[in-house]
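# A look at the structure
If you want the building blocks of each chain, they are given just below.
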Amino acid sequence: MSDPTAQHPLAELVKARLREFLREKGMIFWVFVFPLLMAIGLGIAFRSRPPEPPRVAAVNLPPGSLGAALRDSERVLVEELPEAAARRSLARGKVDVIVLWEEPAPTYVFDASNEKGVSARHVVDDVLQRAAGRVDPLTPREQTISEPGTRYIDFLLPGLIGLNLMGSSMWGVGYNLVVARKRRLLRRYAVTPMRRSHFLLSYFFSRSVFLALELSLLVGFGALVFGTIVQGDYLSLAALAVLGAASFAGISLLIGARVENTESANGWMNLVQLPMWVLSGAFFSYERFPEWLHGPIRALPLTALVDGLRAIFNDGASLLNLGSQLVVLLVWGGVGFLVALRTFRWQ
Amino acid sequence: MTSPSSSPAVRASASADSNAPAIECQALVKHYGSKVAVAGIDLVVQRGQCFGLLGPNGAGKTTTVEMLEGLHPPTSGTIRIFGARWGEGRDQWIRERFGVQLQDTQLADKLTVEEVLTLFRSFYATGRSVSELLALLDLEEERRQQFSRLSGGQKQRVAIATALAGAPDLLFLDEPTTGLDPRARQTLWGVVEAFRSAGGTVLLTTHYMEEAATLCDELAVMDQGRIIARGSPRALIDSLGEVQFVDFESPQTPDSAALLALPAVHAVDRRGARYRLRIERSLRALTAVLEELERQGVTPIGLSTHQATLDDVFLHLTGRGLSHE
């Protein structure tokens, strides 16, 4: 009756996890394809290119050479429009400034809260003043730079990696547990001699395998398509990614510990993740939020992970340079894991 | 998550309990809040027995079985499985010795039959090989099919195969054939009988009386959290006395009171145009009933008689469906 071919239960559990995941087409899309599409889409939309000259609507051009100078200047794009049409274009953002010529001087109409409007006003004024005979007393020299790691894609890629690690850990662990509970699979396991620790560890190991894939896919994709580079060391990057994924696994274990149906699991998953999608600076810097919010935002696990990833990617930091971010991730993951172990329901 | 290890050495040390019954429970009670699911039951299942728990839905059968399996702690009472109690450091040893088929469990959808069995086999220190399990449950053709694509009967066979993966001494089967077609039911009965003839012990819940009569040597009937009758299937049937049943349909309405007035008639049960009479087990009693029907001008259609079955015992005990006594 005894069977020498039986495998180690932990190895079998990990294999089962991996197989289940690989056979779930939806998961493959969200974990591997979706972040690449995001990177392509946003990377193209916000690719760096020389700024376009300001767009100017001229309601009536100044007479003679002054008007010709404005129309022919390469520093502005001029369109002649009646006043009503010009104002509509301004309101819709099609032009940045309107020039109304009334002898002997122009009126500039622009949105003072819009950077482009303000700079357009200065450029068009400079063109007119020089054409009218102004001589600049100074001749400045210009030095332009293009540092690696300062483009939007360099900012975005670590953000996408952080989001991806959060999403796959949350859905892959917590949601999966809730589904297994709902199907009464957890209680089926609970009446076997399977060790509880093996079961939970299998999630850790299977996540680690996919984590390695997700990370190399996104880093490799960024390098190939957008030329992003990791300025810090890969060991720190991998270690931080593992810590981040483990931290989110702990949080999602907490959701998976008790929730009994997939609808409320869905709700909890979104409740936890959506605020961080917005607040944690994955797509734009959280510095844009009011100062008093920065502290709470930095205490969020996704902020800590994304800040840490950016420091490694773009500032060449190593894991040892990251202090508060590591603490935040450890506390979230550790507390989640410990509370989940105490409250976990097999039925 | 502290579970003692389950090495073969631990299992061997069980010899001290080698004479203990497979299952023994005393004064078992389970409350869910103010609801009483199990109201104090005593059970002994000897090794090698097939013991059946019968009862309507909500009688407390599943709660009882799940307490025996160690899934829920009882509110009060004691449970011993092969002499060992839950929560006293031998939980893993107990789990090594039984196999379980739970009601309504869906195994991992995306795994194949073979993968599911390999996984379950890996949980046990000793057990059957996967190919042995596939052969036993006639699943060889489905071995590479994903669980979600199996039919109900195939899924149930996989569930039983997982229960047998650890070569258990004791099998818990909770309504194993509910929803299965007769052929699939016969197949599973064959598996249970083979398990028993190899010395295994079975605790089975069912609401198919035929299943209980075929498989079990001892039965307990549960209702509202209590055991209201127990004994062998034969003894339970005999407890109804020397009776037989007469079934017929009739377009006319017979006079029930006049029928009941006959000394040989114990009960008249009516459902629409269908009648079932419980009468004395004798030709004389049957003749008296037929003569009375003729006297009333009633023409019985599809008249048949049958000896008492467990169904009749169940109806008699729970009072459901019998309008006159």
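Calculation notes
- Residues numbered from 1 in each chain as written.
- Chains lettered and ligands numbered in written order.
- Predicted model: local features only at pLDDT ≥ 70, side-chain atom pairs only at ≥ 80, totals over all residues.
- Heavy atoms only, no water.
- Helix = DSSP H or I, 4+ residues; strand = E, 2+ residues; numbered from the N terminus.
- Buried < 20%, exposed > 50% of the residue type's maximum accessible area, 1.4 Å probe, protein only.
- Pairing = 2+ DSSP bridges.
- Axes fitted to C-alpha atoms, helices over the stretch in contact; angles between N-to-C directions.
- Contact = heavy atoms within 4.5 Å.
- Domains from an automatic or database assignment.
- Buried area = accessible area lost by both parts, 1.4 Å probe.
- Salt bridge = Lys/Arg side-chain N within 4 Å of Asp/Glu carboxyl O.
- Polar contact = N/O pair within 3.5 Å; in protein donor to acceptor, adjacent residues only side chain to side chain.
- Nonpolar A, V, L, I, M, F, W, Y, C, P; charged D, E, K, R; others polar.
- Patch = residues over 30% accessible without salt bridge, like charges linked within 9 Å, V, L, I, M, F, W, Y side chains within 5 Å.
- Areas by Shrake-Rupley, 256 points an atom, 1.4 Å probe, with all protein chains shown as cover.
- Core = buried A, V, L, I, M, F, W, Y, C linked by side-chain atoms within 4.5 Å.
- Expected span 1.5 Å × (residues − 1).

### Some thoughts on the environment of A:Gly334
Residue position: A:Gly334 is located in helix α13 (residues 324–343). Judged by its relative accessible area of 29%, A:Gly334 falls in the partly exposed class.

### Notes on the sheet that holds strand β4 (residues 105–109) of chain A
Think of a sheet as strands paired side by side through backbone hydrogen bonds, with each pair either parallel or antiparallel. All names here are of chain A. Pairing in this open sheet of four strands is mixed, and the strands run β2-β1-β3-β4 from one edge to the other. Strands with a single pairing partner mark the edges of an open sheet, and in this sheet they are β2 (77–80) and β4. Averaged over all pairs of adjacent strands, the angle between their axes in this sheet comes to 30 degrees, without regard to strand direction. Inspection of the sheet shows strand β1 (residues 55–60) paired to β2 by four bridges, in the parallel sense. Each residue of the ladder has a partner; that of Val56, found in β2, is Val78. Helix α4 (residues 83–91) contacts β1, β3 (97–102) and β4 of the sheet and is inclined by roughly 155 degrees relative to β3.

### As for the sheet that holds strand β4 (residues 76–81) of chain B
All names here are of chain B. Spatially, three strands are ordered β2-β1-β4 in an open sheet, and the strand pairing comes out antiparallel. Each having just a single partner strand, β2 (35–45) and β4 make up the two edges of the open sheet. For this sheet, the mean inter-axis angle between neighbouring strands, taken without regard to orientation, is 20 degrees. Note: strand β1 (residues 23–32) against β2, eight bridges, orientation antiparallel. Looking across to β2, one finds that His31 is bridged to Val36. Sitting on the sheet, helix α2 (residues 61–68) is in contact with β1, β2 and β4, with an inclination near 120 degrees to β1.

### Digging into the domain arrangement of chain A
All names here are of chain A. Annotation of chain A at the domain level lists domain 1 (9–45), domain 2 (55–144) and domain 3 (152–343). Taking only C-alpha atoms, the centre of domain 1 and the centre of domain 3 are 14 Å apart. Tallying the contact residues gives 21 residues for domain 1 and 27 residues for domain 3. Between domain 1 and domain 3, roughly 2100 Å² of surface is buried when both sides are summed, and carbon and sulfur atoms account for 85% of that area. Its largest share of buried area at the contact with domain 3, domain 1 owes to Leu10, Arg17 and Phe32, together 26% of the area lost on that side. Applying the counting criterion to the domain 1 and domain 3 interface returns zero salt bridges. Applying the counting criterion to the domain 1 and domain 3 interface returns one residue pair in polar contact (both at pLDDT 80 or more). Counting only elements with at least two residues in the side of domain 1 that touches domain 3, the list comes to α1 (9–22) and α2 (25–45). No other element matches the 13 residues that α2 contributes to the side of domain 1 that touches domain 3. A class-by-class count of the residues in the side of domain 1 that touches domain 3 yields 19 nonpolar, one polar and one charged.

### Some points on a nonpolar patch on the surface
On the surface, a nonpolar cluster with roughly 540 Å² of combined accessible area is contributed by A:Phe29, A:Trp30, A:Val33, A:Leu37, A:Ile40 and A:Ile44. Positionally, A:Leu37 belongs in helix α2.

### Focus: the nonpolar core
The biggest cluster of nonpolar side chains holds 104 residues, and the ones touching the most others in it are A:Phe199, B:Ile23, B:Ile81, B:Val158 and B:Phe172. Tallying contributions element by element places helix α7 (residues 182–197) of chain B first for this core, with six residues. When near neighbours in sequence (up to four residues on either side) are disregarded, B:Val158 contacts B:Leu107, B:Val113, B:Val116, B:Leu117, B:Leu139, B:Phe147 and B:Leu150. If you look at the next biggest cluster of nonpolar residues, it comprises 48 residues, including A:Leu156, A:Leu165, A:Ile251 and A:Ala311.

### Here's the deal with unusual backbone geometry
A cis amide bond, omega 5 degrees, links A:Glu103 with the succeeding residue A:Pro104. Mapped onto the elements of the fold, A:Pro104 is located in the loop between β3 and β4. The backbone of B:Ala27 sits at a positive phi, close to 50 degrees, despite the residue not being glycine. Within the element layout of this structure, B:Ala27 appears in strand β1. With relative accessibility at 43%, the residue B:Ala27 sits in the partly exposed group. For B:Gln224, which is not glycine, the phi dihedral falls at a positive 50 degrees. Summarising the element assignment, B:Gln224 is placed in the loop between β8 (218–223) and β9 (226–231). Its relative accessible area of 61% is what places B:Gln224 among the exposed residues.

### Some points on α1(A)
For α1(A), spanning 14 residues, the distance from its first C-alpha to its last is 20 Å, which sits close to the expected 20 Å at 1.5 Å a residue. Counting buried residues in α1(A) gives 10 out of 14 residues, a clear majority hidden from the surface. All buried positions along α1(A) are accounted for by A:Pro9, A:Leu10, A:Glu12, A:Leu13, A:Val14, A:Ala16, A:Arg17, A:Leu18, A:Glu20 and A:Phe21. Looking at the packing, one finds that the buried side of α1(A) touches α2, α6 (152–182) and α8 (196–226) of chain A together with α4 (113–122) of chain B.

### A look at the interface of chain B and chain A
Every contact between the two is made by 39 residues of chain B and, on the other side, 30 residues of chain A. Across the chain B/chain A interface, buried area totals approximately 3400 Å², and carbon plus sulfur atoms make up 59% of it. Counting every contact that joins chain B to chain A gives four salt bridges. Its salt-bridge partner being B:Glu66, residue A:Arg187 comes within 2.6 Å of it at the nearest N-O pair. At the level of elements, α3 (91–97), β5 (98–101), α4 and α6 (152–164) of chain B are the ones that each hand at least two residues to the side of chain B that touches chain A. The element that contributes the greatest number of residues to the side of chain B that touches chain A is α4(B), accounting for six residues. A breakdown of the residues in the side of chain B that touches chain A according to their chemical character gives 14 nonpolar, 14 polar and 11 charged.

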